[in-house]
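Here are the chains, one letter per residue:
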Amino acid sequence: MALEILARARIKGMHCAACSARIERILRARDGIARADVNLAAESLEVVFDPDQDSAQAMAQAIADAGFEAVFDPPQGDGDASDPGAATLHLAISGMTCAACSARIERVLRATDGVAEASVNLATESAAVTYDPRVTRPAALLQLIVDAGFGAQAVSRAAALFEERRREAEARLRTQERELIPAFAFALPLLVLSMGHMLGLHLPAFLHPETSPATFALAQLALTLPVLWAGRGFYVRGFPALSRRAPNMDSLVAVGTGAAFLHSLWNTALILMGDMPTHRAHDLYYESAAVLLAMISLGKYLEARSRLKTTGAVRALLSLAPETATVLKDGALGPEEARLPAAEVSPGDTVLVRPGERLPVDGVVLSGAGGVDESMLTGESLPVAKGPGDRVAAGTLNGAGALTVRADKTGGDTMLARIVDMVQQAQGTKAPIANLADSISAVFVPAVMALAVLAGLGWLLAGAGAPFALKIFTAVLVIACPCAMGLATPMSIMVATGRGAQLGVLIKSGEALQAASDAGVVIFDKTGTLTFGKPELVEIFVAPGALLSEAELLALAAGAESRSEHPLAQAVLAAAKARGIAAPAPDAFQALLGLGIEAQVSGHVVRLGSSAYAGEAFASGVLGEAVSRMGEAGQTPLCLEVDGAPAAVLGVADTLRPEAPEVLAALKALGLHVVMLTGDNERTALAMAARAGITNIVAGVLPGGKAQVVATLRGEFAGTGRTVLMVGDGINDAPALAGADVGLAMGSGIDAAVESGDMVLLSGGLSGVLTALALSRAAMKNIRQNLFWAFAFNTIGIPVAAGLLYAFGGPTLNPMLAGTAMGLSSVTVVGNALRLRFFTPKP
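Presented here is an overview of the structure given in this document. Along each chain, residue indices are assigned from 1 in the same order as the chain's sequence is written. Local features in this predicted model are restricted to residues of pLDDT 70 or higher, and side-chain atom pairs are both shown and tallied only at a pLDDT of 80 or more, whereas totals for entire chains, interfaces and linings draw on every residue. Side-chain descriptors were evaluated using all non-hydrogen atoms of the structure, hydrogens and water having been removed beforehand.

Two aromatic rings from Phe, Tyr or Trp, using only the six-membered ring of Trp, form a pair when their centres are within 6.5 Å; if the ring planes differ by under 30 degrees the pair is stacked, by over 60 it is edge-to-face, and anything between is tilted. For the coordinates displayed, the defined rule picks out six aromatic pairs. Considering the side-chain rings of Phe788 and Trp789, the 5.1 Å spacing of their centres and the 75° angle between planes classify their relative orientation as edge-to-face. Three or more aromatic residues joined by ring pairs make a cluster, and in this case those are Trp459, Phe468 and Tyr806. Only when the NZ of Lys or the CZ of Arg is both within 6 Å of the ring centre and within 35 degrees of the ring normal is a charge said to sit over the ring. A cation sits over an aromatic face here: Arg232 above Trp229, 4.2 Å from the ring centre. For Arg237, the ring lying beneath its charged end belongs to Phe234, and the centroid distance is 5.7 Å.

Accessible area is worked out with a 1.4 Å probe on protein chains only. A residue is then buried under 20% of its type maximum, exposed over 50%, and partly exposed in between. Only DSSP runs of H or I covering at least 4 residues are called helices, and only runs of E covering at least 2 are called strands; the numbering of each starts at the N terminus. Of all seven residues in strand S19 (residues 519–525), seven are buried; the element is thus mostly enclosed. When S19 meets strand S26 (residues 673–677), the two strands line up parallel, connected through five bridges. Its bridge partner lying in S26, Asp525 is registered against Leu677. Two strands are said to pair when DSSP picks up at least two bridges between them.

Let us now look at the nonpolar core. One finds Leu45, Val47, Phe72, Phe524, Leu667 and Leu744 to be the most contacted residues of the largest nonpolar core, which totals 143 residues. If one sorts the elements of this core by residue count, helix H27 (residues 767–801) sits on top with 12 residues. Contact criterion: two residues are considered in contact whenever any of their non-hydrogen atoms come within 4.5 Å of each other. Setting aside anything within four residues of it in sequence, one finds Leu744 in contact with Leu725, Met726, Val727, Gly728, Leu737, Met759, Leu761, Val769 and Ala772. Among buried residues, the Ala, Val, Leu, Ile, Met, Phe, Trp, Tyr and Cys ones that are joined through side-chain atoms within 4.5 Å form a nonpolar core. Formed by 27 residues, the second largest nonpolar core is a distinct cluster that contains Leu553, Ala555, Ala557 and Ile581.

Let us now look at the packing of helix H7 (residues 232–243) against helix H8 (residues 249–272). Orientation is described by lines fitted to C-alpha atoms, with helices fitted over the stretch in contact, and by angles between N-to-C directions that extend from 0 to 180 degrees. At a closest axis distance of 7 Å, the pairing of H7 and H8 adopts a crossing angle of 105°. In terms of orientation, H7 and H8 fall into the roughly perpendicular class. For the pair H7 and H8, contact is made by Phe234, Tyr235, Arg237, Gly238, Phe239, Ala241 and Leu242 and by Met249, Asp250, Ser251, Val253, Ala254, Val255, Thr257 and Gly258, respectively. Charged residues are taken to be Asp, Glu, Lys and Arg, nonpolar residues to be Ala, Val, Leu, Ile, Met, Phe, Trp, Tyr, Cys and Pro, and polar residues to be all remaining types, Gly included. Class assignment for the residues of the contact of H7 with H8 results in nine nonpolar, four polar and two charged. Oblique is the label for any angle not under 35 degrees, not over 145, and not in the 65 to 115 range, which are roughly parallel, roughly antiparallel and roughly perpendicular in turn.

Glancing now at a nonpolar patch on the surface. Patch membership requires more than 30% relative accessible area and the absence of a salt bridge. Residues of like charge join within 9 Å; the nonpolar side chains Val, Leu, Ile, Met, Phe, Trp and Tyr join within 5 Å. The protein chains shown are the only cover counted for residues, whose accessible areas, like all others here, come from Shrake-Rupley with a 1.4 Å probe. A side-chain nitrogen of Lys or Arg and a carboxyl oxygen of Asp or Glu constitute a salt bridge if their distance falls within 4 Å. A surface patch of nonpolar side chains, amounting to about 240 Å² of accessible area, comprises Val453, Leu457 and Leu460. On the secondary structure map, Leu457 appears in helix H14 (residues 434–461). With relative accessibility at 44%, the residue Leu457 sits in the partly exposed group.

Turning next to the environment of Thr404. Among the structural elements, Thr404 can be located in strand S17 (residues 403–409). In this structure Thr404 comes out as buried when scored by relative accessible area, which is 14%. Residues Thr404 and Phe234, spaced 170 residues apart in sequence, show a C-alpha to C-alpha distance of 58 Å. N or O atoms closer than or at 3.5 Å make up a polar contact, with two conditions inside protein: a donor-capable atom paired with an acceptor-capable one, and, for residues adjacent in sequence, both atoms drawn from side chains. For Thr404, the side chain forms a polar contact with the side chain of Ser367, separated by 2.4 Å.

Attention now goes to the sheet that holds strand S16 (residues 397–398). Spatially, three strands are ordered S14-S13-S16 in an open sheet, and the strand pairing comes out antiparallel. Taken across any chain shown, the strands that pair with only one partner, and hence form the sheet edges, are strand S14 (384–386) and S16.

Time to look at the pattern of salt bridges. Within the structure shown, the criterion is met by 22 salt bridges. The salt bridge involving Arg406 is made with Asp408; its shortest N-O contact spans 3.1 Å. Note that Arg629 and Glu539 form a salt bridge whose closest N and O atoms lie 2.9 Å from each other. Placement of Arg629 in helix H21 (residues 621–632) and of Glu539 in strand S20 (residues 531–542) is noted, with a sequence separation of 90 residues between them. Note on Arg629: relative accessible area 38%, which makes it partly exposed. Here the salt bridges share partners, and the residues they tie into one network are Arg8, Glu24, Arg28, Arg35, Asp37 and Glu46.

Attention now goes to the environment of Val605. Position of Val605 relative to the elements: it lies in strand S23 (residues 604–609). Residues within four places of Val605 in sequence aside, it is in contact with Glu598, Ala599, Glu641, Val642 and Asp643.

Scope: geometric values only; no functional claims are made or implied.
The structure is reproduced here in structure tokens:
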């Protein structure tokens, strides 16, 4: 089997769905390309290829030959794959004015010990430096650039890519804005001049078509030329695409407005030569070409401005990362504080986080205590108590109390940076529902051009005259808009994935988003998913006539278990600690594997273990009843003997998440089939299922067996259009998560969960399942709305523009109105997608 790798690139120069479809066709026709998906909204390419048959450079050249530009992303991860010890520093550079500046910075960096590679981009004012952290540090590299006379600031990889794309988008928006001003400044007077005499407006005699046809025509030409210059991009892009036999939306506009302009220019020449000047003065369409360009440019500007808003979620996530950090360094008189850019913090550094500050790194709390607000990452509004030994994540907000944190992951390796990366990657993916629009877009523009020609010729042959045929031809060309179809799906996915990240649901692809909306069955792992996955002491039954109190018995049990590493022992110790009961150290300790322990604690002989290890007293009577009752309730009974006498039964259980019954009931109300999988015995599983409200359980299965259950259920639902979702903790449920149509990984174990599953519930709570399903359904509803209006607009608009209503005595569609409608169709689709920014799951 050939090696296949995934590469991503930014595509520049696309203006409609025909452009993205052409790039896909070019790449898919190449040898070694397994998959190629171009996202018009995100302006991105995702391609899977065999490196032995193709390369990023060759693909970029093929795309360039088609009239576009592809900028492939560097390999994922920091550092050079050939050197596992290398790291990459991303920088924002200021003060560069020419290529000599960027070349100087590269020479300075490459001459430094420990630097393997340095690349400076003058256009984006950025740099990427691959270095060995064992030889040099980011601060030293920054100082080299400052000493060379430039400014430098370390930024995360995600922030660098995001800022570069944002700058490009804002630059395009400013260019469009500059072009709009002269376009409308000349198009509006032109409209008044050309249509004024028909609307009853009084025009000066020297500008009236009846008295001064030549001046009337030349004035319109003078007003049209600046508009054509402002909208020259349509011609610069449209005609070359047409010559490559790959027409796009710009080609439609260029041909339509060009035909109207050339027709008017020819008539102007005839007017100046005295050929029926008054008659020909009424056969000018300068205003159609100019106003059409102005209105289409306005629509494209509004579309671009709206699309820029889709990056709001990513911008909000990036803003969570603080720019600076307080690092504690060893000094002569003790720890000294040093304020550094957050990107310069290295793993192993000790960071001080004061109240009200955001954490700059992922790490472990060394000292201090406080409540950390993780809402922007997990969606949970209540602060989480943190103390020594607890893990914290970059971007979260420290409340009351200072924390000292050992940095484990910094920069692009933090959970926040990886979430931003995954959101951006998800925004560049497609959902299967997009295939229909993609298929139509591939042939849409050539078909529209053919229809325009046929419609124009048809009316010409019907005797309507050349001016009317030209009007029909132009209207058909400009009303057709493949952009709305191309944007319908990716825009909704972009906004939905960004909103999901804000709500604590990380969606990794458009395919997962669509599959989740079609869910028919939801499978839950029990331990760590429906439950907390951490045994707790839930009950103490004291034997009648016991000589010691409940607190004294718990102290002896905790003392005996203090030498054990068993999860049940930890539950007993945690219960004692929670009640403020000290666990005395045992004088002697012995563990009997699978049975229990025996220890000498505070002068007492203590035995604690299973009912099989306990004496006959625990097999009958009130103690036997307690043992049986706890077992039926899903608890593990621990029988306690003190000095040879039965003393108590301790019930330990993995506690059900409090929201589980409500969430499961809500899923059933949605018509979903709910199943619980567990490796526990059937009696324990039934007890837990009863408390959770689940009737369908599969007990006693290993991880491999869980994957088989998932496969069986997928087979049962095959052909129904419904999908199978698996919800697990993302660690031991990996086979089942991978085997489901959609794997939802709980975020309780942050590092493992982010890497597994098609969706990640960052909050670690079950309510995230409802949020994920509701968001996926809202997104797919939004996509269907977009597709409906995109197809409906063209289905209705093109026949009307072709003169269908006029044939039955109705009006014709003016090309200017057709151009306005075309621009607004894309704006409507983008605006509808942006509504998902305000999606809020129902409580």
